[in-house]
Amino acid sequence: QGQEPAVGAGSVKQQLSRLVISSLRATVPEVEVEPMVEVSAKFADYQCNNAMGLWSKIKGSGTSFKNPNAIGQAIAKNLPSSDIIESTSVAGPGFVNITLSNSWVAKRIQDMLVNGINTWAPILPVKRAVIDFSSPNIAKEMHVGHLRSTIIGDTLARMFEFSNVDVLRRNHVGDWGTQFGMLIEYLFEKFPNWQEIGSQAIGDLQIFYKASKNRFDNDPEFKERAQQGVVRLQGGEEKYREAWKKICDISRSEFDLVYKRLNVELEEKGESFYNPYIPKVLAELSSKGLIQESEGAQVIFIEGYQIPLIVVKRDGGFNYASTDLSALWYRLNVEKAEWIIYVTDVGQQQHFEMFFKAARMAGWLPDPNEKKFPKTSHVGFGLVLGSDGKRFRTRSTEVVRLVELLDEAKSRSKSELLQRLTENGKIVDWTDEELEQTSEAVGYGAVKYADLKNNRLTNYTFSFEQMLSDKGNTAVYLQYAHARICSIIRKSNKDVEELKMSGAICLDHPDERVLGLYLIRFAEVVEEACTNLLPNVVCEYLYNLSEMFTKFYTNCQVVGSPEETSRLLLCQATAVVMRQCFQLLGITPVYKL
Ligand code: ARG
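Quick caveat: nothing in here was measured; it's all calculated off a predicted structure. All chains use their own residue numbering, which begins from 1 and follows the written sequence. With pLDDT at 70 or above as the cut-off, local features in this predicted model cover only qualifying residues; side-chain atom pairs require 80 or more to be listed or tallied, and sums for whole chains, interfaces and linings still use all residues. Heavy atoms throughout the structure, all of them, feed into the side-chain values; hydrogens and water do not.

Trainee: Can you help me understand the environment of Met578 in this one?
Mentor: Examined against the element boundaries, Met578 turns out to sit in helix α23 (residues 564-584). Its relative accessible area of 0% is what places Met578 among the buried residues. Ignoring sequence-local partners within four residues, the contact set of Met578 consists of Leu478, Ala481, His482, Ile485, Leu542, Leu545 and Ser546. Runs of H or I in DSSP of at least four residues are treated as helices and runs of E of at least two as strands, each being numbered from the N terminus. Only protein chains enter the accessibility calculation, which uses a 1.4 Å probe; a residue whose area is less than 20% of its type maximum is buried, one above 50% is exposed, and one in between is partly exposed. Residue contacts are counted whenever heavy atoms from the two residues lie within 4.5 Å of one another.

If you want it as structure tokens, here you go:
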């Protein structure tokens, strides 16, 4: 920020936007507007749509322009000369159609092959972001909602990281709260030697939770003890702290099994971490006159909501909102994050809206109309449904065990792979290790892609059959498409690493040009996915890219043609971009299938 980006930096749209800004300044120096550059559906490759908006701003102000078309003409004429643009034309009410130069597109692709896909990272307006995702609750189930949060949050983190943003991946686990009194007392009762036991002794923490809850509900004496237990824990009594830690450790090792399978990195800073900050933060809010007493609780009234945000409960305890306010304070002031992103189901939307408003009332966040950062965003997502259209469950009414779910994805993908390889007699070419790794990459990738390809707000139906199908818009189909490109390159017996240095790309055939233009859109796709926090944008791009590649490959002979070098380089560029999409989606690509 502040400093202008280098000439060749950023997405194509960002590069064209810089040219448009300079043209707009020359064309209508009296008004300042944002450049409007879009991919064009029909007439050209890109278009600039500023003329109409400008016209409505300056007409009647004595301008010499006669109509929006005249403004469009002037914008086109004033574009600085650049090797990006081949030609422009102006249509109707001033739309400036921009055709890119073939040789520039070809060069951009070749540069990427030589210097790496990182040179295609978009430029985002923030340096540091917190992404708060996964965030299950200790001793309660980690359910499919947390799986969605884990998958979506990890992808967002990967996209921001790719775009050179420093991402703090935060696991805001629910490790504080009144349930711990009950859990700790139950631990003491069930396991007098609790200090020595390992996680196997307790077995399943969810069953442990249910049993202790049962005790709590049915034995007044136990209930009393549990309530005092909370006080002793919160008062910092050594033995209670230790027992709390033990329970958290056991839960954590359960969660880690899921993260490990999904290859997701997270740093845990649970609710307990922010606890010491709560009194200070509430004192600040109180000194700003935001906190009032209502029915014995401390609350913040927020315009537009019937019920206030409770920040101190009637019994004097803190809650989800007080923790979230402190965590936000910490993220803004200590961690200096400019964008703070929370990934949970849409059911929590109101909580986030209310506490974001409270933070704005406290002056922590700028007025959204004035300044863009720092800012907070809630990334909500819909439910996971079973084939019956109801909330996803396995077999009976049992909850879904995520580790088992992922194991099943892997074993199903393995048996399908084995069956196919046996049928084509190719099984002999595969080592056991390759089989393991491939079924894992395909199986886990299928679960992730099935989740990410939908707009996150819609509910999605979980179906192994669908996600593991090799037809349609699935990860398996895309893995095949990628492996096929790798095999085309292998079979050519040419060294693409060498070709990319000595050969050149040429985009004379229409299908080559379409593919080339689509390849160089990669950066703006990532930019859009980050800006709108929508991973499905990358999925859609990946799928379309594979379709465009098929069209190119059907119509343009690669191996043995006069254009072989150029076309092999296009194959390689497509494979590189596909792999980068896989990387952003947290999917491991396979090279042979
Ligand atoms: N633990 C919460 C849940 O399981 C999600 C926490 C999300 N993050 C936050 N800062 N509130 O629903």
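Trainee: Sorry, what's going on with the sheet that holds strand β10 (residues 309-312) here?
Mentor: Within a sheet, each strand pairs with its neighbour through backbone hydrogen bonds, oriented either parallel or antiparallel. Read from one edge to the other, the open sheet built from three strands follows the order β8-β9-β10, with strand pairing classed as antiparallel. Either end of the sheet is taken by a strand with one partner, and the two such strands are β8 (291-294) and β10. The average angle at which neighbouring strand axes cross in this sheet is 45 degrees, direction not considered. Across three bridges, the pairing between strand β9 (residues 297-300) and β10 is antiparallel. Bridge pairing in β10 places Gln298 opposite Val312. Throughout, an axis means a line fitted to C-alpha atoms (over the contacting stretch in the case of helices), and angles, computed between N-to-C directions, take values from 0 to 180 degrees. Strands in contact with helix α13 (residues 320-333) are β9 and β10; relative to β10, the strand with the most contacts, it is inclined by about 85 degrees. Strand pairing follows a simple DSSP-based rule, namely that at least 2 bridges must link the two strands.

Trainee: Even after reading the chapter, I still don't get the sheet that holds strand β4 (residues 95-100), so can you show me in this structure?
Mentor: Ordered by their spatial adjacency, four strands build an open sheet running β1-β2-β4-β3, and the pairing between neighbours is antiparallel. Looking along the sheet, the strands with just one partner apiece sit at the ends: β1 (37-39) and β3 (85-91). With strand direction ignored, the average angle separating the axes of adjacent strands in the sheet is 25 degrees. Inspection of the sheet shows β3 paired to β4 by six bridges, in the antiparallel sense.

Trainee: How do you make sense of the site of the ligand when you look at a structure like this?
Mentor: Here a residue counts as near a molecule or strand whenever at least one of its heavy atoms sits within 4 Å of it. Around the ligand, the neighbouring residues are Asp132, Ser135, Asn137, His146, His172, Tyr320, Asp324, Tyr342, Thr344, Gln348 and Phe352. What qualifies as a polar contact is a pair of N or O atoms within 3.5 Å, subject to a donor-acceptor requirement within protein and to the restriction that residues adjacent in sequence count only when both atoms come from side chains. Contact between the ligand and His146: an oxygen atom at 2.8 Å from a side-chain N or O atom of the residue. Each accessible area value is a Shrake-Rupley result obtained with a 1.4 Å probe; residue values ignore everything except the protein chains displayed when judging cover. Contact with the protein chains covers 90% of the free accessible surface of the ligand, which is 350 Å². Of all elements in the fold, only α13 and β11 (339-345) reach the threshold of two or more residues within the shell around the ligand.

Trainee: Hey, could you run me through unusual backbone geometry in this one?
Mentor: Here the amide bond leading from Phe373 into Pro374 is cis, since omega sits at -5 degrees, within 30 degrees of zero. As for its placement among the helices and strands, Pro374 is situated in the loop between α14 (349-361) and β12 (375-381). Positive phi is not limited to glycine here, since Ser135 has a value of about 45 degrees. Topologically, Ser135 is positioned in the loop between β5 (128-132) and α5 (144-162). Exposure remark for Ser135: the relative accessible area of 15% places this residue in the buried category. We note that Ala139 has phi near 70 degrees; this positive angle belongs to a residue other than glycine.

Trainee: Can you walk me through the side chain of Ser546 in this structure?
Mentor: The topology assignment puts Ser546 in helix α22 (residues 536-555). Residue Ser546 is classed as buried on the basis of its relative accessible area, which comes to 2%. A polar atom in the side chain of Ser546 sits 2.8 Å from the backbone oxygen of Tyr543. Excluding residues within four positions of it along the chain, Ser546 makes contact with Tyr477, Leu478, Ala481 and Met578.

Trainee: Where do I start with the domain arrangement of the protein chain in this structure?
Mentor: Note: interface size is frequently given as the accessible area lost on complex formation between the parts. Domains are outlined according to an automatic or database domain assignment. We note that the domain assignment places domain 1 (12-100), domain 2 (128-174 + 270-384), domain 3 (179-263) and domain 4 (413-584) within the protein chain. The centre of domain 3, based on its C-alpha atoms, is set 47 Å off from the matching centre of domain 4.

Trainee: Can you walk me through the packing of aromatic side chains in this structure?
Mentor: In this description, an aromatic ring pair is defined by two values, namely the gap between the centres and the angle between the planes. A pair of aromatic rings is counted whenever rings of Phe, Tyr or Trp (Trp by its six-membered ring) have centres within 6.5 Å, and the orientation is called stacked for planes under 30 degrees apart, edge-to-face for over 60 and tilted otherwise. The full count for this structure, using the stated rule, is 28 aromatic pairs. Note on Tyr277 and Trp329: the rings are 6.1 Å apart at their centroids and 35 degrees apart in plane angle, and the pair reads as tilted. Residue Tyr277 is located in the loop between α11 (271-274) and α12 (278-287), and its partner Trp329 is located in helix α13; the two are separated by 52 residues in the primary sequence. Tyr277 sits in the partly exposed class, given a relative accessible area of 27%. Since its relative accessible area comes to 14%, Trp329 is described here as buried. By way of ring pairs, the aromatic residues Phe273, Tyr274, Tyr277, Trp329 and Tyr330 are connected into one cluster. Of note, Lys239 hangs over the ring of Phe188, and the distance from its end group to the ring centre comes to 4.3 Å. Put simply, a charge is over a ring when the Lys NZ or the Arg CZ is close to the ring centre, within 6 Å, and near the line of the ring normal, within 35 degrees. One residue, Lys592, lies across the ring of Trp430, its end atom 4.8 Å from the ring centre.

Trainee: What should I look at first to understand the packing of α12 against α13 in this one?
Mentor: When two helices pack together, their arrangement is captured by the angle between the axes and the distance separating the axes. Packing of α12 against α13 leaves a shortest axis separation of 9 Å and a crossing angle of 90 degrees. Classed by the angle they form, the pair α12 and α13 counts as roughly perpendicular. In this structure, α12 contributes Ile278, Lys280, Val281, Glu284 and Leu285 to the contact, and α13 contributes Ser322, Thr323, Leu325, Ser326 and Trp329. Of the residues contributing to the contact of α12 with α13, the split by class is five nonpolar, three polar and two charged. Here is the rule for angles: anything less than 35 degrees is roughly parallel, anything more than 145 is roughly antiparallel, 65 through 115 is roughly perpendicular, and the remaining ranges are oblique. Ten residue types, Ala, Val, Leu, Ile, Met, Phe, Trp, Tyr, Cys and Pro, are classed as nonpolar, four, Asp, Glu, Lys and Arg, as charged, and the remainder, Gly among them, as polar.

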